[in-house]
Amino acid sequence: MEQTLSLIKPDAVERNLIGKIVTVFEENNLTIKEIKKIHVTLEFAQKFYEMHSERPFFKDLCSYISSGPLVAIVLEGDNAIQKNRDLMGATNPSEAQEGTIRKMFAISIDKNSVHGSDSSESSKREIDLFFKQ
């Protein structure tokens, strides 16, 4: 069984969408293996998003993800990484397909409610960062 990291970002936590988003995962045969609600520091955010450190949006990305509590989840299932990415939808909610998490719940491209690992390498690194330290 493949595992992936999913984050329910601060905008969705603030709007009490945790249960609705978890339901989407569970109804699509992804199992919650680990889950915790945390408020990450700016330093943690910078480590998490280090691959984007040269991008112009890096500072805003780190500020946002550390702006309030988030929910970190280890999802498990067949083809979990791609399934989670399909369920999330496009980063820009205006481009996301109907029925995806971002189409249903995202506020904007910046406050897009969820994050999901994009590869098996990222998944391992991100799960270790959130759950093994």
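Check the entry above for the structure.
Procedures and definitions
Residues numbered from 1 in each chain as written. Predicted model: local features only at pLDDT ≥ 70, side-chain atom pairs only at ≥ 80, totals over all residues. Heavy atoms only, no water. Buried < 20%, exposed > 50% of the residue type's maximum accessible area, 1.4 Å probe, protein only. Helix = DSSP H or I, 4+ residues; strand = E, 2+ residues; numbered from the N terminus. Pairing = 2+ DSSP bridges. Contact = heavy atoms within 4.5 Å. Salt bridge = Lys/Arg side-chain N within 4 Å of Asp/Glu carboxyl O. Polar contact = N/O pair within 3.5 Å; in protein donor to acceptor, adjacent residues only side chain to side chain. Lys, Arg positive; Asp, Glu negative; His and termini not counted.

A. Region of interest: the pairing of strand E1 (residues 2-8). Counting buried positions along E1 gives five out of seven residues, so the element sits mostly inside the fold. As paired strands, E1 and strand E3 (residues 70-77) are joined by seven bridges and run antiparallel to one another. Looking across to E3, one finds that Gln3 is bridged to Glu76. Across three bridges, the pairing between E1 and strand E4 (residues 114-116) is antiparallel. For Ser6, the partnering residue across the bridge sits in E4 and is Gly116.

B. Geometry of the environment of Ser6. Mapped onto the elements, Ser6 comes out in strand E1. You can call Ser6 buried: its relative accessible area is 0%. Here the alpha-carbon distance between Ser6 and Val40, two residues 34 residues apart in the chain, equals 15 Å. Apart from the residues within four sequence positions on either side, Ser6 is in contact with Phe25, Val71, Ala72, Ile73, Leu75, Asn84 and His115.

C. Looking closely at the pattern of salt bridges. Tallying each qualifying case throughout the model produces four salt bridges. Close ionic contact of Lys124 with Asp128 constitutes a salt bridge, the shortest N to O distance being 2.8 Å. One end of the pair is Lys124 and the other is Asp128, both in helix H7 (residues 120-131) and four residues apart, which spans about a single turn. The class for Lys124 is exposed, based on a relative accessible area of 55%. Classification of Asp128 by relative accessible area gives partly exposed; the value is 24%.

D. View of the side chain of Lys9. Following the sequence through the fold, Lys9 ends up in the loop between E1 and helix H1 (10-14). Within the structure, Lys9 has its side chain in polar contact with the side chain of Asn112 (distance 2.7 Å).

E. Here's a closer look at the side chain of Glu126. Within the secondary structure, Glu126 sits in helix H7. Within the buried set, Glu126 has no salt-bridge partner at all; the shortest N-O distance to an opposite charge, 4.4 Å, is to Arg125. Separated by 3.0 Å, the side chains of Glu126 and His115 make a polar contact. Polar contacts involving the side chain of Glu126 include one to the side chain of Ser117, which spans 2.6 Å. Apart from residues lying up to four places away in sequence, Glu126 is in contact with Leu5, Phe48, His115 and Ser117.

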